[in-house]
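Structural description and commentary
Here's the letter readout for the chains.
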Amino acid sequence: MDRTIVITGGGAGIGRATALHFHGLGWRVAVLDVDRDALEEMSDILPAERCLTVACDVGRESQVKRAFARISGWLGDMPLTCLVNNAGIADPYCGPLEKLELDDWQRWIDASMTAAFLCTREALPLLRRAEGACVVNISSTRSLMSEPETFAYAAAKGGLDALTHALAVSLGPAVRVNSILPGWIETGSWQKAAERREPRQSAADRQQHPAGRVGRPEDVAGAIEWLVGAGFVTGQRIVVDGGMTVRMIYVE
Ligand code: NAD
């Protein structure tokens with residue numbers, strides 16, 4: 001039986017690398033993204049018989065319902081093995097609290113937390129057909145610690161982690177649900193052609209990671225693959241940050 005995966009925000013960055021990773025493993029891959037140019041590039045790269053691209057703002061209920069109706073038609077009788085709720089606004093900075101408008105706050109919450117609720121709800125009948133189905137939510141180490149003026153991003157990711165354990169205890173044993181908390185992941189070379197950029201990192205950037213380097217989207221894709229096979233792991237937060245959040249910092 002073919003294995004199948006849906007990846008939100010799969011047109012760029014971590015989602016794009018994950019789509020290519022699982023496609024390379026022989027899976028059927030459905031990519032949802034709001035960026036049509038990025039989707040077009042993905043459908044040029046991946047052969048049509050094992051790839052579906054769907055334009056969708058995953059924070060909007062009607063669009064998510066339409067997207068999963070298409071995915072269901074594409075899968076036919078096949079189950080969905082894995083849903084990756086990866087879409088999100090990657091830039092965490094929202095400015096001073098006094099100037100943060102409700103609409104802007106809502107954009108971060110919708111793209112991450114609300115989207116994970118909507119996509120998991122619509123994917124559930126397809127996931128329940130599979131043996132050992134799982135959901136992976138892409139959170140952030142910013143759900144554990146903060147820089148100034150990142151309120152909405154941090155709250156969205158903290159909420160996503162709480163949604164993860166609530167879903168895990170509600171949907172098990174049929175569906176396992178886990179969060180991955182990436183640290184600093186360099187996505188410059190995984191953007192669509194018009195926005196691709198060469199990564200530039202200093203020695204200090206590398207040294208603040210006990211692993212000796214900044215993260216790559218492939219590191220997250222590998223952790224997702226591990227979670228797919230980790231049948232006794234559910235409701236967990238898996239930190240993929242090269243050790244950055246466990247390193248003690250002294251101010252001189
Ligand atoms: P990215 O900007 O490179 O890619 C994100 C993709 O999601 C884009 O293609 C974008 O069009 C899409 N997207 C955004 N909002 C959407 C929406 N509402 N509906 C559908 N698609 C949408 O970002 P990335 O760095 O690859 O981040 C992916 C995820 O990983 C995000 O949830 C981000 O918060 C998380 N994350 C990233 C890092 C990092 O350092 N890159 C660190 C921690 C967590």
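Look up: the structure comes first, before these words.
Notes on the structure follow. Residue positions are given per chain, counting from 1 as you read along its sequence in written order. The predicted nature of this model means local features are confined to residues of pLDDT at least 70 and side-chain atom pairs, given and counted, to a pLDDT of 80 or more, with totals for whole chains, interfaces and linings taken over all residues. Excluding hydrogens and water, the side-chain values take into account all heavy atoms of the structure.

On to the overall build of the chain. The numbering of helices and of strands both runs from the N terminus, where a helix is a DSSP run of H or I of at least 4 residues and a strand a run of E of at least 2. Broken down by element type, the chain carries 7 helices and 7 strands. Computation of the radius of gyration draws on C-alpha atoms, with the globule rule given as 2.2 Å multiplied by the number of residues to the power 0.38. Against the globule reference of 18 Å for 252 residues, the chain gives a C-alpha radius of gyration of 18 Å, in line with a compact fold. Expressed along its principal axes, the backbone C-alpha trace of the chain runs to roughly 60 × 40 × 35 Å. It only takes one pair of heavy atoms within 4.5 Å for two residues to be counted as in contact. Long-range pairs, those at least 24 residues apart, make up 71% of the contacts in the chain with a sequence separation of at least 6. As displayed, the chain has an accessible area near 12,600 Å², and 52% of this comes from carbon and sulfur atoms. Residues counted as positive are Lys and Arg, residues counted as negative are Asp and Glu, and His and the chain ends are not counted. For the purpose of locating charges, the reference atoms are NZ of Lys, CZ of Arg, CG of Asp and CD of Glu. The chain carries 26 positive and 31 negative side-chain charges, and their two centres are separated by 3 Å. Computed with a 1.4 Å probe, the accessible areas rest on the Shrake-Rupley method; for each residue, only the protein chains presented here act as cover.

One turn of an α-helix holds 3.6 residues; hence residues three or four places apart share an orientation. By definition here, a helix of n residues has an expected span of 1.5 Å times n minus one. If you check helix α3 (residues 61-75), its first and last C-alpha atoms are 21 Å apart, about what 15 residues at 1.5 Å a residue would give, namely 21 Å. Each residue gets one of three labels from its accessible area relative to the maximum for its type: buried under 20%, exposed over 50%, partly exposed in between, using a 1.4 Å probe on protein chains only. Three or more residues of α3 are buried, namely V64, A67, F68, I71, W74 and L75. Take α3 and look down its axis: the buried residues cluster within an arc of 110°, on one side only. Exposed side of α3, more than 90 degrees from the buried face: R66, A69 and G73 are the residues found there. Where α3 is buried, its residues contact β1 (4-8), β2 (28-33), β3 (51-55), β4 (82-85) and α4 (102-127). G76 sits one or two positions beyond α3 and adopts a positive phi of about 65°. Our arc is simply the arc of the directions from the helix axis toward the C-beta atoms.

Time to look at empty space enclosed by the protein. Buriedness for pockets is judged along seven lines, at least five of which must meet protein on both sides within 12 Å for an open set on the 1 Å grid over protein atoms alone, while cavities are sets there where a 1.4 Å probe fits but cannot get out, and lining residues have an atom within 4 Å of a point. Grid points are joined across faces, edges and corners, and a volume is the space filled by probe spheres set on the points. In total, this model carries 1 cavity of 30 Å³ or more according to the counting rule given. Of the pockets and cavities examined, the largest cavity occupies roughly 40 Å³. In terms of lining residues, the largest cavity is bounded by T8, V58, N85, A87, A111, S112, A115, A116, C119 and L160. For the lining of the largest cavity, the element with the highest residue contribution is α4, accounting for 5 residues. Classification used: nonpolar for Ala, Val, Leu, Ile, Met, Phe, Trp, Tyr, Cys and Pro, charged for Asp, Glu, Lys and Arg, polar for all others including Gly. Taken together, the residues of the lining of the largest cavity sort by class into 7 nonpolar, 3 polar and no charged.

A few words now on the site of the ligand. Lining the immediate surroundings of the ligand are 26 residues, of which I14, D33, N86, Y153 and Q191 lie closest. Side-chain atoms alone can form a polar contact between residues adjacent in sequence; in general such a contact is a pair of N or O atoms within 3.5 Å, and within protein one must be able to donate a hydrogen while the other accepts it. A12 places a main-chain nitrogen or oxygen 3.4 Å from an oxygen atom of the ligand. Only α1 (13-24) and α5 (151-171) provide two or more residues apiece to the shell around the ligand. Here the shell around the ligand is composed, by residue class, of 12 nonpolar, 10 polar and 4 charged. Note on terminology: near, applied to a residue and a molecule or strand, indicates that one of the residue's heavy atoms is within 4 Å of it.

What counts as a ring pair is set by centres within 6.5 Å for rings of Phe, Tyr and Trp (its six-membered ring), and what kind of pair is set by the plane angle: stacked under 30 degrees, edge-to-face over 60, tilted for all other angles. The full count for this structure, using the stated rule, is 1 aromatic pair. Their ring planes at 75° and their centres at 4.8 Å tell us that F22 and W27 sit as a pair that is edge-to-face. Given the relative accessible area of 0%, F22 is considered buried. W27 gets classed as buried once you look at its relative accessible area, which sits at 5%. The criterion is that NZ of a Lys, or CZ of an Arg, lies within 6 Å of the ring centre and within 35 degrees of the ring normal, and then a charge sits over that ring. A cation sits over an aromatic face here: R107 above W108, 5.3 Å from the ring centre.

Our next topic: the sheet that holds β3. Strand order in the open sheet formed by 7 strands is β3-β2-β1-β4-β5-β6-β7, and the pairing between neighbours is parallel. Edge positions in the open sheet fall to β3 and β7 (237-240), since each of these has one partner strand only. On average, adjacent strands in this sheet sit at an angle of 15° to one another, irrespective of strand direction. Where β2 meets β3, 5 bridges bridge the pair, whose relative direction is parallel. Two strands pair if DSSP finds at least two bridges between them. Only the stretch in contact is used when a helix axis is fitted, and all axes are lines through C-alpha atoms; the angle between N-to-C directions ranges over 0 to 180 degrees.

Here the focus is the pairing of β2. Where burial is concerned, most of β2 is hidden: 6 out of the 6 residues are buried. Alternating positions in β2 separate into two faces, R28, A30 and L32 on one and V29, V31 and D33 on the other, with burial throughout. In this sheet, β2 lies alongside β1 in parallel orientation, the contact comprising 5 bridges. In the sheet register, I7 faces β2, and the bridge partner there is V31.

One finds V6, L32, V58, F68, I71 and V175 to be the most contacted residues of the largest nonpolar core, which totals 35 residues. Every element with two or more residues in this core is listed here: β2, β3, α3, α4, β5 (133-138), α5 and β6 (175-182). Those residues in contact with I71 that sit more than four places away from it in its chain are V6, A30, L32, L52 and L126. Core analysis: the next-biggest nonpolar cluster, separate from the first, contains 27 residues, I7, C82, V220 and A230 among them. Among the buried residues, those of types Ala, Val, Leu, Ile, Met, Phe, Trp, Tyr and Cys that are joined through side-chain atoms within 4.5 Å form a nonpolar core.

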